[in-house]
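Results of the structural survey
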Amino acid sequence: MTEPSVALAGSTLPAGDDLDLLLLIRHFELALLDLFGRGELNGTTHTCLGQEYVPVALRGLLGEADHVFSNHRGHGHYLARFQDPAGLLAEIMGREGAVCRGVGGSQHILRDRYVSTGVQGESLPVATGVALHLKRTSPGALACVFIGDGTWGEGAVYEALNLAALWRLPLLVVVEHNGIAQSTPTTRQMSGTVRARAQAFGARHHGVETSDVAAIRRELAPLVSEVRFEGRPLVVEFATHRLGPHSKGDDTRPPEVVRQAEANDWYRRYAEADPARFGAADRAQRERVAAVVAEVAARPPAGWDPCA
Amino acid sequence: MRVAENLNAALHAVLEADPSAYVIGEDITDPYGGAFKITKGLSSRFPDRVLGTPISESGITGLAAGLALCGDAAIVEIMFGDFVALAFDQIVNFAAKSVSMYGSHVPMRMVVRCPSGGGRGYGPTHSQSLQKHFVGVPGLSVYEMSPLHDNRVVLEEMLAAGRPAVFFEDKVLYTRRMHDVGDLFLHDHLAGSGGTAGAARVFLEDPEAADCVIIAPGGMVERAVGAMRRLLLEQEVSCTLVVPSRLHPFDVEPLLPSLRRARAVLVAEESTAGGTWGSEVAHRIHAHLWRDLRRPVTLVHSADSVIPTALHLERSVLVQESTIHDAVLEALRD
Ligand SMILES: Cc1ncc(C[n+]2csc(CCOP(=O)(O)OP(=O)(O)O)c2C)c(N)n1
């Protein structure tokens with residue numbers, strides 16, 4: 001396999017709220033790395049720098065009734081669904097107002113029809129069960145699962161795909177193929193392709209090469225509708241790039257690989273395409289996140305009783 | 001020397017001494033060298049036998065069992081011990097069973113390494129101590145890394161036994177110094193206990209003459225020694241800490257003389273409550289010393305709870321130095 005590369009999108013900026021959301025996620029993630037660097041965060045975190053457009057694009061295709069299953073790299077998924085940077089940051093910092101009272105932290109979040117877990121592959125069978133439930137109780141709704149390319153190492157992924165295809169369940173698997181799993185390039189952990197894997201189970205596969213939010217929605221809308229109404233599981237594989245380290249300070253990639261990821265970054269491209277509009281939006285979201293950080297950091301610790 | 005360096009050196013030594021030995025795991029090759037850097041340098045020196053794998057805990061543990069079946073020695077690193085749950089079937093239903101279920105003895109030289117424990121804010125699925133789930137599986141040994149046991153001796157013992165072992169490694173311990181018990185206490189090894197690696201003891205002057213005996217695996221040493229220090233300086237209570245390397249099967253007999261003399265016996269571990277390793281140890285002690293003990297063995301463990309991410313919440317669930325300290329005082333109260 002070759003390294004995935006994101007075809008350069010046109011230089012048109014996304015619509016206002018999409019651009020704002022992209023930038024909100026970007027600045028949220030940068031703020032986390034900054035907080036870690038200053039020793040103000042504990043534990044670990046995985047930022048989605050470079051991949052923000054994936055959940056932003058999908059947001060336009062998912063509704064309230066749909067379930068979303070996120071993974072370890074889930075801040076963008078959460079923010080695209082709820083636009084709640086304060087609740088998420090409070091969760092990560094263990095402060096009052098945390099979405100899950102500081103128990104789950106960055107990787108374990110449950111809110112309404114959104115759930116994440118830090119164990120790779122675990123969510124697929126669960127999402128399949130949710131899809132079975134939805135098929136009976138709310139036809140037209142689907143279960144959407146985000147996984148990385150590395151997570152295809154787990155057998156549970158295959159067991160779930162087989163079930164979903166066999167029982168014609170409304171399951172949407174979104175693969176953020178960023179060419180790497182922690183420190184392992186895809187070429188060193190995957191034989192064959194994601195496409196062939198999906199097809200082997202009779203699930204549909206669609207590759208997304210662009211990072212243009214509107215184009216992605218146009219491409220995917222009819223396919224997602226088939227998932228909803230014809231119970232045909234769909235695997236959407238985004239060719240994307242991880243800009244930052246796997247978690248923090250653990251990037252052992254050669255500089256040219258990191259440079260290639262940076263060359264594909266939507267942020268730089270949009271900044272150059274329309275400096276005035278981009279600059280204003282960028283400043284607004286940067287300031288918004290800075291204010292959230294200051295406000296949340298000043299809150300008292302989250303309260304929770306293990307025995308309750 | 002840090003514990004991580006000692007373990008790294010032990011892995012180098014095993015690979016060097018035994019051309020049939022493998023080390024297998026996710027992200028373990030250079031330059032990354034594993035999530036906790038324990039395998040640094042191994043793949044550069046032994047590229048054919050140190051294999052970075054896909055994210056397939058069940059698959060790679062089964063693969064290790066296949067190597068072991070052919071007479072090779074296989075050491076698997078599970079990135080976070082929590083994920084050993086994915087390999088449970090391969091360990092319990094194949095590797096451990098194979099030693100005896102075919103009617104004759106089949107040696108299986110295999111170690112599953114599990115970085116475990118909390119204290120680092122990694123959250124509910126990256127902080128557990130799952131030792132108890134492997135206690136009492138026929139054919140399987142359970143070991144825990146300790147700052148008082150040379151990992152080379154321990155690894156060699158696990159492999160030489162010819163039965164699979166799960167090796168729990170407290171993540172916080174990686175950064176600590178070997179043999180560090182502070183300036184107040186001495187330490188030695190008790191012959192004939194806890195496998196040939198023996199149980200280590202930390203004590204004031206005479207290990208056999210303490211008010212209280214605390215039995216605790218390696219991950220608890222720092223907290224237990226901290227509690228012992230405070231108990232001595234503030235309460236004039238003397239304790240002996242016994243640190244077994246092999247948790248199961250557990251050799252209780254060599255400990256009996258000192259346990260008989262103590263006014264209180266505690267077993268401390270980080271596991272959450274319920275069906276703990278400590279309850280198995282306590283039962284063994286009760287069976288031997290029921291008439292001699294002043295009171296039942298005290299179990300010290302974490303709360304019956306998931307392990308929260310936020311540091312202040314995590315602290316409220318996991319065993320702390322103060323938990324051990326308070327439990328000793330309570331056990332000594334008349
Ligand atoms: C069962 C399991 N094994 C290992 C890990 C440790 N781990 C966390 S993220 C990760 C890499 C995941 O790679 P990928 O699926 O490609 O997603 P990416 O990190 O690239 O977004 C690994 C190995 C885990 N969380 N769960």
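Residues numbered from 1 in each chain as written. Chains lettered and ligands numbered in written order. Predicted model: local features only at pLDDT ≥ 70, side-chain atom pairs only at ≥ 80, totals over all residues. Heavy atoms only, no water.

In plain terms, the rule: UniProt positions are given in the numbering used here, feature names are shortened, and annotations may be inferred rather than shown by experiment.
In the annotation of an unreviewed UniProt entry, the entry for chain B reads Pyruvate dehydrogenase E1 component subunit beta, and the organism field reads Microbispora corallina. Heading Catalytic activity (unreviewed entry) of the UniProt record for chain B holds this comment: "N(6)-[(R)-lipoyl]-L-lysyl-[protein] + pyruvate + H(+) = N(6)-[(R)-S(8)-acetyldihydrolipoyl]-L-lysyl-[protein] + CO2". For the record of chain B, the UniProt heading Function (unreviewed entry) holds the text "The pyruvate dehydrogenase complex catalyzes the overall conversion of pyruvate to acetyl-CoA and CO2."

An unreviewed UniProt entry lists chain A under the name Dehydrogenase, from Microbispora corallina. Here chain A is described in UniProt, under the heading Cofactor (unreviewed entry), as follows: "thiamine diphosphate".

1. Here we look at the overall build of chain A
Definition in use: Numbering of helices and strands starts at the N terminus; helices are DSSP runs of H or I of at least 4 residues and strands are runs of E of at least 2. The reference for a compact globule is 2.2 Å times residues^0.38; the radius of gyration itself is calculated from the C-alpha atoms. Any residue under 20% of the maximum accessible area for its type is buried, any over 50% is exposed, and the rest in between are partly exposed; the area is computed with a 1.4 Å probe on protein chains only. By definition in these notes, contact holds between two residues if any of their heavy atoms fall within 4.5 Å. Computed by Shrake-Rupley with a 1.4 Å probe, the accessible areas treat only the displayed protein chains as cover when residues are assessed.
Across its full length, chain A holds eleven helices and nine strands. Here the C-alpha atoms of chain A give a radius of gyration of 19 Å, agreeing with the 19 Å that 2.2 N^0.38 yields for 308 residues. Overall, the C-alpha framework of chain A stretches about 50 × 50 × 35 Å when taken along its three principal axes. Expressed as a percentage of the 308 residues in chain A, the buried residues total 60%. Partitioning the contacts of chain A with sequence separation of at least 6, the portion at a separation of at least 24 is 75%. Summing over all exposed atoms, chain A offers an accessible surface of approximately 11,900 Å²; the carbon and sulfur share of this is 53%.

2. A few points about the overall build of chain B
Filter applied, for reference: Two residue types count as positive, namely Lys and Arg, and two as negative, namely Asp and Glu; His and chain ends fall outside the count. Taken as the charge centre is NZ of Lys, CZ of Arg, CG of Asp or CD of Glu, depending on the residue.
Within chain B, the secondary structure is distributed over ten helices and 13 strands. On the principal axes, the C-alpha backbone points of chain B span a range of 60 × 45 × 35 Å. Every one of the 334 residues in chain B was classed for burial, and the buried ones make up 62%. In chain B, the share of contacts with a sequence separation of at least 24, taken over all contacts with a separation of at least 6, comes to 78%. Distance from the positive charge centre (29 side chains) to the negative charge centre (40 side chains) of chain B: 2 Å.

3. Some points on the UniProt feature "domain: Dehydrogenase E1 component" (unreviewed entry) in chain A
The sites that UniProt annotates as "domain: Dehydrogenase E1 component" (unreviewed entry) are residues 24-272 of chain A. Regarding residues 24-272 of chain A, the helix share stands at 43% and the strand share at 15%, and the terminal C-alpha atoms are separated by 19 Å.

4. Here we look at unusual backbone geometry
For the bond from Asp30(B) to Pro31(B), the omega torsion is 5°, close enough to zero to count as cis. Checked against the element boundaries, Pro31(B) lands in the loop between strand E1 (21-25) and helix H2 (42-45). Cis peptide bonds are those with omega within 30 degrees of zero, and the linkage from His248(B) to Pro249(B) qualifies with -10°. You can see Pro249(B) is positioned in the loop between strand E11 (246-248) and helix H7 (256-261). Not every positive phi belongs to a glycine, and Asp112(A) is a case in point at roughly 50°.

5. A word on the packing of helix H6 (residues 221-235) of chain B against helix H10 (residues 321-332) of chain B
Residues and elements named next belong to chain B. Note the cut-off: Working convention: axes come from line fits to C-alpha atoms, limited for helices to the stretch in contact. Angles between N-to-C directions cover 0 to 180 degrees. Angles below 35 degrees are treated as roughly parallel, those above 145 as roughly antiparallel, those between 65 and 115 as roughly perpendicular, and all remaining angles as oblique. Handedness of a crossing is defined here by the sense of rotation of the near helix relative to the far one, left-handed for an anticlockwise turn of less than a right angle and right-handed for a clockwise turn. Under the scheme applied, nonpolar residues are Ala, Val, Leu, Ile, Met, Phe, Trp, Tyr, Cys and Pro; charged residues are Asp, Glu, Lys and Arg; polar residues are all the others, including Gly.
It is at 8 Å that the axes of H6 and H10 come closest, and there the two elements cross at 50°. Taken together, H6 and H10 sit at an angle that is classed as oblique. The element H6 and its partner H10 pack so that their crossing is right-handed. Every residue of H10 that contacts H6 at Arg223, Ala224, Gly226, Ala227, Arg230, Leu231, Glu234 and Gln235 is listed here: Glu321, Ser322, Ile324, His325, Val328 and Leu329. Looking at the contact of H6 with H10 residue by residue, the class counts come to six nonpolar, four polar and four charged.

6. Observations regarding the pattern of salt bridges
Rules: In what follows, salt bridge is the name for a side-chain nitrogen of Lys or Arg lying within 4 Å of a carboxyl oxygen of Asp or Glu.
Per the stated rule, a full pass over the model turns up 30 salt bridges over all chains. For Arg299(A), the salt bridge is made with Glu295(A), and the minimal N-O distance between the two is 3.0 Å. In this structure Glu295(A) comes out as partly exposed when scored by relative accessible area, which is 40%. The shortest N-O distance in the salt bridge between Asp188(B) and Arg201(B) comes to 2.9 Å. On the criterion of sequence distance, the pair formed by Asp188(B) in strand E7 (residues 186-190) and Arg201(B) in strand E8 (residues 199-203) is long-range, its members being 13 residues apart. Its relative accessible area of 8% is what places Arg201(B) among the buried residues.

7. Quick look at the interface of chain A and chain B
Contacts between the two partners involve 31 residues from chain A, matched on the other side by 31 residues from chain B. Viewed at the interface, chain B and chain A are joined by zero salt bridges. Of the residues that constitute the side of chain A that touches chain B, the class distribution is seven nonpolar, 20 polar and four charged.

8. Focus on the sheet that holds strand E6 (residues 165-170) of chain B
All names here are of chain B. Condition: DSSP bridges decide pairing: two strands pair if at least two such bridges lie between them.
The seven strands are arranged E2-E1-E3-E4-E6-E5-E11 in an open sheet whose pairing can be described as mixed. In the strand order of this sheet, the two ends are held by strand E2 (50-52) and E11, each with one partner. Pairs of neighbouring strands in the sheet enclose a mean axial angle of 20°, with direction left out of account. The pairing of strand E4 (residues 110-116) with E6 spans six bridges and is parallel. Directly across from Val112, in E6, lies its bridge partner Val166.

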